[in-house]
Amino acid sequence: MIDLYTAKTPNGRKVSIMLDECGLPYEVHSIDLGQNEQFKPEFLAMNPNNKIPVIKDRDNGQVVFESGAILIYLGEKTGKFLSPSGPARAAQLEWLFFQMASIGPMMGQLFHFRNYQGEPQVYAVERFTNEVARIFNVLESRLSQVPYLGGDDYSIADIAAFPWTKLGGFLGVDMDGLKGVSAWLERVYARPAVQSGINVPA
Ligand SMILES: N[C@@H](CCC(=O)N[C@@H](CS)C(=O)NCC(=O)O)C(=O)O
């Protein structure tokens, strides 16, 4: 049994999709970020960085924070969606880290500055709009050649990227020119575990 501390955000949904994909039983603990529940001492004891998602594995008491680390932990625990070694694993981790370092942070910044309530942040919006467009073109170059980010097989790289990438149109990315990315989004969303995991917490 896994305890999942999460909220209705792309980073949290990566983990619920993975848990559903792996068929692991889990209990959802919804953290209300608006009420600053991530700053409570009991939460900070699990993640001093005050962010969801966090898991606790009741099998061994292990706590893991950072969504990328959680996906690797669950992949290794189950032997699913992460190759054990070799070139396939290297490619899966490469694209997982691309999500963690580029897709998530840049889209997060764009969302922040587009929705900023004070003085319009023209420079910041332009900077992150351009960077997000560039990142989607990188994804397009990959996904117009292979069915999944890691190559032939669906993996934790796709699970990490999907909840963010599906928000591209919402953040103003012109998805019409991105045929490879659009086909990949449909391919990934066709999976029942993605459709259930993306709706956690309910
Ligand atoms: N790199 C972290 C990012 C997690 C993150 O940004 N979580 C946000 C919600 S998506 C959060 O909990 N924010 C609360 C806060 O910063 O106080 C991960 O991938 O786990």
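Residues numbered from 1 in each chain as written. Predicted model: local features only at pLDDT ≥ 70, side-chain atom pairs only at ≥ 80, totals over all residues. Heavy atoms only, no water.

Ile-55, Leu-74 and Trp-184 are the most contacted members of the largest nonpolar core, which has 52 residues in total. Counting only elements with at least two residues in this core, the list comes to β1 (2–6), α1 (10–22), α3 (67–78), α4 (86–114), α5 (122–143), α6 (156–165) and α7 (179–189). If sequence neighbours within four positions are ignored, Ile-55 has contacts with Ile-2, Asp-3, Leu-4, Val-15, Gln-62, Val-63, Val-64, Ile-70, Tyr-73 and Leu-74. Within the second largest apolar cluster, 7 residues are counted, among which are Tyr-5, Ile-31, Phe-43 and Ile-52. (Core = buried A, V, L, I, M, F, W, Y, C linked by side-chain atoms within 4.5 Å. Buried < 20%, exposed > 50% of the residue type's maximum accessible area, 1.4 Å probe, protein only. Helix = DSSP H or I, 4+ residues; strand = E, 2+ residues; numbered from the N terminus. Contact = heavy atoms within 4.5 Å.)

Our focus in this paragraph is the domain arrangement of the protein chain. Along its sequence, the protein chain is carved into domain 1 (2–81) and domain 2 (86–191). Between domain 1 and domain 2, the C-alpha centre-to-centre distance is 21 Å. Across the interface of domain 1 and domain 2, roughly 1,300 Å² is buried in total on both sides, 70% from carbon and sulfur atoms. Broken down residue by residue, the surface that domain 1 buries against domain 2 is led by Pro-10, Lys-14 and Phe-81, which jointly contribute 42%. Counting across the interface, domain 1 meets domain 2 through 2 salt bridges. Ionic pairing is found between Glu-21 and Arg-191, a salt bridge with its closest N-O pair at 2.7 Å. No other element matches the 7 residues that α1 contributes to the side of domain 1 that touches domain 2. A per-class count over the side of domain 1 that touches domain 2 returns 6 nonpolar, 3 polar and 5 charged. (Domains from an automatic or database assignment. Buried area = accessible area lost by both parts, 1.4 Å probe. Salt bridge = Lys/Arg side-chain N within 4 Å of Asp/Glu carboxyl O. Nonpolar A, V, L, I, M, F, W, Y, C, P; charged D, E, K, R; others polar.)

Ordered in space as β2-β1-β3-β4, the 4 strands form an open sheet in which the pairing is mixed. One side of each edge strand has no neighbouring strand; the edge strands of this open sheet are β2 (26–30) and β4 (62–65). Going across the sheet, the axis of each strand differs from the next one's by a mean of 15°, ignoring polarity. The pairing of β1 with β2 spans 5 bridges and is parallel. Bridging from a neighbouring strand, Tyr-5 pairs with His-29 of β2. Across the sheet, α1 is in contact with β1, β2 and β3 (54–57); its angle to β1 comes to roughly 155°. Against the sheet, α3 contacts β1, β3 and β4, and its axis sits at roughly 135° relative to β4. (Pairing = 2+ DSSP bridges. Axes fitted to C-alpha atoms, helices over the stretch in contact; angles between N-to-C directions.)

Before going further, it helps to spend a moment on the packing of aromatic side chains. Describing an aromatic ring pair means giving the distance of the ring centres and the angle of the ring planes. The final tally for this structure, using the stated rule, is 7 aromatic pairs. Between Tyr-148 and Tyr-154, the ring centres sit 5.8 Å apart and the planes meet at 70°, which makes this aromatic pair edge-to-face. The exposure class of Tyr-148 is buried, given its relative accessible area of 14%. On the numbers, 6.1 Å between centres and 10° between planes, the contact of Phe-162 with Tyr-189 is stacked. With a gap of 27 residues between them, Phe-162 in helix α6 and Tyr-189 in helix α7 connect regions that are remote in the sequence. The class for Phe-162 is buried, based on a relative accessible area of 3%. For Tyr-189, a relative accessible area of 38% puts it in the partly exposed group. (Phe/Tyr/Trp six-rings, centres within 6.5 Å; stacked < 30°, edge-to-face > 60°.)

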